[in-house]
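Read off the chains here:
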Amino acid sequence: MELTKPTILIDENKCRNNIRHMQEKAERNDVVLAPHFKTHQSKAIGQWFKDAGIKAITVSSIDMALYFAEDGWSDITIAFPLNILQVKEITELAAKTRLTILATELSTVHRLVEQIDVHVDVLIEIDCGYNRSGVWWEDFKKIQALIDGVNNTQHGFKGFYCHSGQTYHEDNAEAVLAIFNDSLHKLHDLQIRFADAKPEISVGDTPSCSLSDDFPGVYSIHPGNFVFYDLTQVKIGSCREQQIGIALACPVVSKNDHLNHLVVHGGGVHLSKDVLETSHGKIYGKMVTLTDHNWSFDLGDNYVVSISQEHGIIKVSPKVYEQISVGDVIGILPVHSCMAADVMGSMFTTTGEPLDHMKKDN
């Protein structure tokens, strides 16, 4: 495969291994794995999940749900507060798939009754400490009102959904598991308090699902980033660098002899501008050596230390600086794989096979 410009490369073997590992964990714990497809947004990669026996998926938008419903996925959870303005699309989707939506507001439930006549399942999103979206876990009055509101419709109350996204701010397994166990404790309390409604528990962040080996009382898990992983997950402890299945191929366009910096064509429009605080300072990615069908870590620790729209600046050792020439193509492991895949909207396997992407296809 000839690489002449910034290109997302996907290591299929690593990704399939990551999928298989998470599916085996779900099976050991008798929970449903409904992976979040916002990470890859690809029907071709979705097939790798089908090959592993996965039958339910999670997405972050109605448009994404429609994209994957076209590919035969018939059990879809939209893990984002329901946008009632897309009622036409919701009705279309619910008519051809088992659809689960997230509700956080009574007004949303009322609109469901008024405008959607096709059955949907409803999860109440619970905020156990992330402070993004969801009903605060101790707001029992609102939770009861939402349960009653759903149960008084033609739709079905399914249970509670929690994304403990605060785990992404940690840098060790113990802290992640403490957050996960605290969230589970709160969800179990709600499950007991509202036992008459028979709520299921669904959870969904990649660090918790990667690091925990026990999911008591959980019906389904919804991680997404684990298919690719990234440097953030490495720092947290969710994976090893060798499990990262995505890299951005970047041409070297200039060398700064004064600072031993490489300048590559690969900036914020290719990697996103997500930054990671490390012992090496702030980084935007890690340099690897591209091989015929993979990449290696033989060059040591060389990091993207600055990024603009098209430029990436890589700080390297004097030895590596001498090894790399203008015109070479190097790889960069991203800080956040979901964002890198999304901003590029185009991907290839390391063997040169093109992979579809929702952004590219729409």
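For the structure itself, consult the block above.
The paragraphs below set out a description of the structure included in this document.

1. Remarks on helix H12 (residues 337-344)
- All buried positions along H12 are accounted for by Ser-337, Cys-338, Ala-340, Ala-341 and Met-344.
- Buried residues along H12 sit against strand E1 (7-10), strand E11 (246-256), helix H10 (268-271), strand E19 (329-334) and strand E20 (347-349).
- Downstream of H12 by one or two residues, Gly-345 has phi in the positive range, about 65°.

2. Observations concerning unusual backbone geometry
- Despite not being glycine, Lys-198 has its phi angle at roughly 50°, a positive value.
- With respect to the secondary-structure elements, Lys-198 resides in the loop between helix H7 (173-193) and strand E9 (200-203).
- Under the relative-accessibility criterion, Lys-198 is labelled exposed at 69%.
- Phi is positive for Tyr-229, which is not a glycine, with a value near 60°.
- As for its position among the elements, Tyr-229 is in the loop between strand E10 (220-221) and helix H9 (231-236).
- For Tyr-229, a relative accessible area of 3% corresponds to the buried category.

3. Here's the deal with the pattern of salt bridges
- Considering all chains together, one arrives at 14 salt bridges under this definition.
- Here Asp-75 ties to Arg-98 by a salt bridge, and the two come within 3.9 Å at their closest N and O atoms. Residue Asp-75 is found in strand E4 (residues 75-81), and its partner Arg-98 is found in strand E5 (residues 98-103); the two are separated by 23 residues along the sequence.
- Overall, Asp-75 belongs to the buried group, its relative accessible area being 19%.
- Residues Lys-96 and Glu-92 are paired through a salt bridge, measuring 3.8 Å at the closest nitrogen-oxygen approach.
- Residue classification places Lys-96 among the partly exposed positions, given a relative accessible area of 46%.
- For Glu-92, a relative accessible area of 41% translates into the label partly exposed.

The rules behind the values
- Residues numbered from 1 in each chain as written.
- Predicted model: local features only at pLDDT ≥ 70, side-chain atom pairs only at ≥ 80, totals over all residues.
- Heavy atoms only, no water.
- Buried < 20%, exposed > 50% of the residue type's maximum accessible area, 1.4 Å probe, protein only.
- Helix = DSSP H or I, 4+ residues; strand = E, 2+ residues; numbered from the N terminus.
- Contact = heavy atoms within 4.5 Å.
- Salt bridge = Lys/Arg side-chain N within 4 Å of Asp/Glu carboxyl O.

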